[in-house]
Amino acid sequence: MRKKRYDIVVVGCGPVGAIAGKFAALAGAETLVVEEKRQLGFPVYDSMSIIYSQSEMEQVTGEKIEAAAIYAKTAGMAYISPKGKQNQPQLLPDGIFVNRQLFEKSLAIAAVRAGAEIQLHTRVVDLVKEQGVVKGVVVRNGLQLETIPCSVVIAADGGYQQMARLAGIKLVRGKVSASIGCEFAGVKPLRDPHNIDEIYLDDSDDKAYRYVFPYVGDRLSIGTSVGRIVS
């Protein structure tokens, strides 16, 4: 049976939320991590694979990245325009392409092992405030609403910034990029990367661009990003 009150409620169980939940629990806090998705790591709301420095990520998370969660190793990346111009490659001596789904799941498992609880398919719809101080969250699970009292709420909901809005925090306007992409397998690379994985940009529109993101063998992501303003 779930506890009635928590010291900390973490909103979002992506990499940041899972890590926050893990270290909060290790510090002795009664911790609950809520995630609106039904399944950890899926659907992917970011690139299918992400370039990381393996040593840095293992230092930050306190967890060894399992071989199954690594698509491939990479020496770095370069940007190539449709006309063939290429910038100076960004080298990453211990760079890896990570399977985002397995990576997120492994971090969530680490949080649970540390003592945190995770509740899926749970969306925070409001904050409970007393004299301007946050004292809990109101969540929706299916059609059911529930109030979960807590002392601290950690916003790990990424670019959605829903928690900041509910808390009344003034957000800074700025440009962000929204994108949609698909993963393809069994395709031939566009060119020999020479151990440098590349992002190909099509800048035919000043408000949108398309990319091809080859990350291992015959597998790549293709997507379109569109710039917009967030108020």
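Placed above this text is the structure.
Everything numeric in this text was worked out from a predicted model, so none of it was measured. (Residues numbered from 1 in each chain as written. Predicted model: local features only at pLDDT ≥ 70, side-chain atom pairs only at ≥ 80, totals over all residues. Heavy atoms only, no water.)

Draft legend 1. A look at the sheet that holds strand S9 (residues 144-155). Strand order in the open sheet formed by 6 strands is S6-S2-S1-S9-S8-S7, and the pairing between neighbours is mixed. The strands lining the two open edges of the sheet, one partner per strand, are strand S6 (117-119) and strand S7 (123-130). In this sheet, neighbouring strand axes are inclined to one another by 40° on average, regardless of whether the strands run parallel or antiparallel. Taken strand by strand, helix H1 (residues 15-26) contacts strand S1 (6-11), strand S2 (31-34) and S9, and its axis lies near 170° from that of S2. (Pairing = 2+ DSSP bridges. Helix = DSSP H or I, 4+ residues; strand = E, 2+ residues; numbered from the N terminus. Axes fitted to C-alpha atoms, helices over the stretch in contact; angles between N-to-C directions. Contact = heavy atoms within 4.5 Å.)

Draft legend 2. Spotlight on the pairing of S7. Two elements, S7 and strand S8 (residues 133-141), share 7 bridges in a ladder whose sense is antiparallel. Each residue of the ladder has a partner; that of Val128, found in S8, is Gly136.

Draft legend 3. Quick look at helix H3 (residues 100-114). A rise of 1.5 Å per residue sets the reference length of H3, with its 15 residues, at 21 Å; its end C-alpha atoms lie 21 Å apart and thus fit the reference within 8%. Buried residues of H3: Arg100, Phe103, Glu104, Leu107, Ala108, Ala110, Ala111 and Ala114, and no others. On an axial view of H3, the arc spanned by its buried residues comes to 155°, and they lie on one face. Between the side-chain oxygen of the N-cap and the backbone nitrogen of Gln101 there are 3.1 Å, and the N-cap of H3 in question is Asn99. Two residues or fewer after H3 comes Gly115, characterised by a positive phi angle close to 120°. (Expected span 1.5 Å × (residues − 1). Buried < 20%, exposed > 50% of the residue type's maximum accessible area, 1.4 Å probe, protein only. Arc of directions from axis to C-beta. Polar contact = N/O pair within 3.5 Å; in protein donor to acceptor, adjacent residues only side chain to side chain.)

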